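Structure at a glance
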Amino acid sequence: MKSLGAKIQQLEGLIDTKDVNEKTNAFLVKVVQGCKDRHGDTRWLSSGQVEWLDDIYKRHFGDADE
């Protein structure tokens with residue numbers, strides 16, 4: 001299973017592409033910057049944010065548990 005941090009690094013590649021809508025793009029920008037500011041720490045994310053990240057990941061890269 002891929003770590004949340006690894007998923008976020010991969011999701012960063014979707015930022016500012018036509019593959020995500022404006023709301024999702026803004027969310028990814030916030031999460032990626034927040035993780036960079038915290039040196040990769042993802043513990044600050046809420047369970048709802050983690051679920052949204054898993055959903056985005058699953059839609060674009062396959063099963064979130066792979």
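Our structure is the block above this text.
A brief structural summary.

Observations concerning the environment of Ala-26
When you line up the elements, Ala-26 lands in helix H2 (residues 22–37). Sequence spacing of Ala-26 and Glu-51 is 25 residues, and the spatial spacing of their C-alpha atoms is 16 Å.

Here we look at the pattern of salt bridges
Side chains carrying opposite charge are able to pair once their charged atoms draw close together. Evaluated as defined, the whole model comprises four salt bridges. Residue Lys-36 pairs with Glu-12 through a salt bridge whose shortest N-O separation is 2.8 Å. Placement of Lys-36 in helix H2 and of Glu-12 in the loop between helix H1 (4–11) and H2 is noted, with a sequence separation of 24 residues between them. We classify Lys-36 as partly exposed; its relative accessible area is 48%. Judged by its relative accessible area of 31%, Glu-12 falls in the partly exposed class. Between Arg-59 and Asp-55 there is a salt bridge whose closest N-O contact spans 3.1 Å. Here the residue Arg-59 and the residue Asp-55 both occupy positions in helix H3 (residues 47–61), the gap between them amounting to four residues, near one helical turn. Overall, Arg-59 belongs to the exposed group, its relative accessible area being 52%.

Procedures and definitions
- Residues numbered from 1 in each chain as written.
- Predicted model: local features only at pLDDT ≥ 70, side-chain atom pairs only at ≥ 80, totals over all residues.
- Heavy atoms only, no water.
- Helix = DSSP H or I, 4+ residues; strand = E, 2+ residues; numbered from the N terminus.
- Salt bridge = Lys/Arg side-chain N within 4 Å of Asp/Glu carboxyl O.
- Buried < 20%, exposed > 50% of the residue type's maximum accessible area, 1.4 Å probe, protein only.

Such coordinate-based values are descriptive only and should not be taken to indicate function.
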